[in-house]
Amino acid sequence: MSDPTDETSAPDDAHQELANPTLIAEAPAPDAGTAASGRDWPRVLGKVVFFAIALFLFILAIQLMKEGAKAIAPSLEDSPLFSNGISTLGAGWLGAYIVLSGSPIAAVALSLYVGGALTELQTFTMLSGSRLGASFVVLLVGFLYAMRNRGHNRGESIGMGVLALSLTAIVYVPGMLLGYAILKSGALDGIHLSASEDVLSLIDYIWGPALDLLTKLPGWTLLPLGLGLILISFRFLDKVLPQLDGERAGGKRLEWLKRPWPMFALGCVVATLTLSVSDALTVLVPLASRGYIKREESIPYIMGANITTLADTLVAAMVLGNAVAVHIVLAEAIGVSLVSLVFLAFLFGPMKRAIMALDDWVVSTNRRLWLFVAVLFILPAIFLTSGIWIGPIAH
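Residues numbered from 1 in each chain as written. Predicted model: local features only at pLDDT ≥ 70, side-chain atom pairs only at ≥ 80, totals over all residues. Heavy atoms only, no water.

(A) Up close: the overall build of the protein. If you tally the helices and strands in the protein, you get 20 helices and 0 strands. Here the protein holds 395 residues, and 47% of them are scored as buried. Taking the contacts inside the protein whose residues are at least 6 apart along the sequence as the reference set, 84% of them involve residues at least 24 apart. Per element, the accessible surface of the protein, about 19200 Å² overall, is 67% carbon and sulfur. (Helix = DSSP H or I, 4+ residues; strand = E, 2+ residues; numbered from the N terminus. Buried < 20%, exposed > 50% of the residue type's maximum accessible area, 1.4 Å probe, protein only. Contact = heavy atoms within 4.5 Å. Areas by Shrake-Rupley, 256 points an atom, 1.4 Å probe, with all protein chains shown as cover.)

What follows is the structure, given as structure tokens:
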């Protein structure tokens, strides 16, 4: 005969287990890490895909805008406004605005020199002007990004463009004077560099097929198409970058990138790999807007990118097979490099405070911002028309 206490003990034990959560917690559970990793890998893979698409479309857009410059180049070559070194400075400056890139205008300047249309001085100033206007695309993209992302910091996205243009001028104006002195001194006369037409950049290999297909479209469509692709690339990039709730991304792992010299080196490397200061600097717009990088931290990066962006212009000079054209590019690069190194080594603190004060002053009100933009166009326009009211000086 069975004990009646045995029949009631099981239900009582079960009831005790349900009433005591500690007992339930002690029961073995599925591996949480395995489940989490199983859920996370599609999200990680999706971010990688979105980043790859954003990067491809971004660089493709910049390259399309460069290709669109080819239809404008002949009109620049035949312009009667190329009458002195000041006018060619304005021509290079405004030309970079029109094509949203400095490299095509720099290549035009070298081609005009080799063809006998420009003097050595005019070529040098037109090359310098193309660099002064090359960062205009950063300001334009900053406007577009601020309009599309009204919830983010407008001052950071637009301010990055103001910073890129102002810093380029601060470095390139003294660098231009020093570089021309180096050129006229004859210190580079012993350098003879040349390259074959088979020299291709990394971008040519990766983006070449897409460019070949899209450049079959009418030339006038390439610039607006490039702008549209930039907006699409930002849409994909927004899916990759997480929202930052008052905390800066990366933490201590990226602290070394916030130091001047590593950022300077990074700017040199990125601009060398992309062969475009537009590619290297425009990517700073969404990063600054979303708090990944502060504007003042990007100053050394911009300085580095402004030096090595001349790499594709140097290749163009080597392909042209003209020694003086190569010397012009090298003199510009050396002059800008020396000025940049002096600023970084000895004057970085005062320079950073001064340029950030200017940047904050410009973006603080719409009136000041539009005044800044007006100066960006009025000043090179005065230079361009200098031949009309002062004649062919310094020719």
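(B) Spatial organisation of the confidence of the model for the protein. Of all residues in the protein, 72% attain a pLDDT of 70 or more, and the chain-wide mean is 76. Helix α17 (residues 323–346) holds the highest mean pLDDT among the elements of the protein, 95, whereas helix α2 (residues 21–25) holds the lowest, 42. In the model, residues 1–30 has pLDDT below 50 throughout and makes 5 contacts with residues more than four positions away in sequence or in other chains. Contacts of residues 32–37 to residues separated by more than four positions or lying in other chains number 0 contacts, the stretch itself having pLDDT below 50. (pLDDT = per-residue confidence, 0-100.)

(C) Geometry of the environment of Gly161. Here Gly161 shows up in helix α9 (residues 154–185). In this structure, Gly161 is in contact with Val138 and Leu139, ignoring residues within four places of it in sequence.

(D) Just the packing of helix α15 (residues 299–308) against α17, in detail. Remark: α15 packs on α17, axes separated minimally by 9 Å, with the N-to-C direction vectors making an angle of 165°. On the basis of their axis angle, the class for α15 and α17 is roughly antiparallel. Note on packing geometry: the crossing formed by α15 with α17 is left-handed. Only Ala333, Val336, Ser337, Ser340, Phe343 and Leu344 of α17 make contact with α15, whose side of the interface consists of Pro300, Met303 and Ile307. Taken together, the residues of the contact of α15 with α17 break down into 7 nonpolar, 2 polar and no charged. (Axes fitted to C-alpha atoms, helices over the stretch in contact; angles between N-to-C directions. Parallel < 35°, antiparallel > 145°, perpendicular 65-115°, else oblique. Left-handed = near helix turned anticlockwise from the far one by under 90°. Nonpolar A, V, L, I, M, F, W, Y, C, P; charged D, E, K, R; others polar.)

(E) Fine view of the packing of aromatic side chains. In total, this model carries 7 aromatic pairs according to the counting rule given. Centroid distance Trp93 to Phe383: 6.2 Å. Interplanar angle 45°. Geometry classified as tilted. With a gap of 290 residues between them, Trp93 in helix α5 (residues 85–99) and Phe383 in helix α19 (residues 366–384) connect regions that are remote in the sequence. Counting every residue linked through ring pairs, the aromatic cluster contains Tyr97, Phe136 and Phe377. (Phe/Tyr/Trp six-rings, centres within 6.5 Å; stacked < 30°, edge-to-face > 60°.)

(F) Molecular detail of α17. Given a rise of 1.5 Å per residue, 24 residues ought to cover 34 Å, and the 34 Å separating the end C-alpha atoms of α17 matches this to within 8%. For α17, the capping residue at the N-terminal end is Asn322, with a side-chain oxygen 3.0 Å from the backbone nitrogen of Val324. (Expected span 1.5 Å × (residues − 1). Polar contact = N/O pair within 3.5 Å; in protein donor to acceptor, adjacent residues only side chain to side chain.)

(G) Just the nonpolar core, in detail. With 83 residues, the main nonpolar core has Leu139, Leu281, Ile299 and Met303 as its most contacted residues. The biggest single contributor to this core is α9, with 12 residues. In this structure, Leu57, Phe58, Ile59 and Leu60 belong to the second largest nonpolar core, which totals 11 residues. (Core = buried A, V, L, I, M, F, W, Y, C linked by side-chain atoms within 4.5 Å.)

(H) Examining the side chain of Thr308 more closely. As for its position among the elements, Thr308 is in helix α15. According to the relative accessible area criterion, Thr308 is buried, its value standing at 17%. The contact partners of Thr308, leaving out residues within four places of it in the chain, are Gly267, Cys268, Ala271 and Thr272.

(I) How the structure looks around helix α8 (residues 136–148). Here α8 spans 19 Å end to end across 13 residues, near enough to the 18 Å set by a 1.5 Å rise per residue. Of the residues making up α8, those classed as buried are Phe136, Val137, Val138, Leu139, Val141, Gly142, Tyr145 and Ala146.

(J) Expanded view of a nonpolar patch on the surface. Nonpolar side chains collect at one region of the surface, where Ile86, Ile378, Ile382, Ile388, Trp389 and Ile390 lie side by side and expose about 590 Å² of accessible area between them. Every element with two or more residues in the nonpolar patch is listed here: α19 and α20 (386–390). As for its position among the elements, Ile382 is in helix α19. (Patch = residues over 30% accessible without salt bridge, like charges linked within 9 Å, V, L, I, M, F, W, Y side chains within 5 Å. Salt bridge = Lys/Arg side-chain N within 4 Å of Asp/Glu carboxyl O.)

(K) Molecular detail of the pattern of salt bridges. Scanning the entire structure with this criterion turns up 3 salt bridges. Of the charged contacts in the structure, one is a salt bridge between Glu120 and Lys184, with a shortest N-O distance of 3.5 Å. With Glu120 in helix α7 (residues 120–134) and Lys184 in helix α9, this pair connects stretches of sequence that are 64 residues apart. Judged by its relative accessible area of 53%, Lys184 is exposed. Among the ionic pairs, Arg295 bridges to Asp360, the shortest N-O distance being 3.0 Å. Placement of the pair is Arg295 in the loop between α14 (284–289) and α15 and Asp360 in helix α18 (residues 348–363), with a sequence separation of 65 residues. Residue Arg295 is classed as buried on the basis of its relative accessible area, which comes to 8%. With a relative accessible area of 36%, Asp360 lands in the partly exposed category. Salt bridges sharing partners connect three or more residues here, namely Arg295, Asp359 and Asp360.

(L) Representation of the environment of Leu165 within the structure. Following the sequence through the fold, Leu165 ends up in helix α9. Residue classification places Leu165 among the buried residues on the basis of a relative accessible area of 5%. Each C-alpha atom, one on Leu165 and one on Ile302, is 9.8 Å from the other, the two residues being 137 residues apart in sequence. Other than its neighbours up to four places away in sequence, Leu165 contacts Leu132, Ser135, Phe136, Leu139, Phe372 and Leu376.

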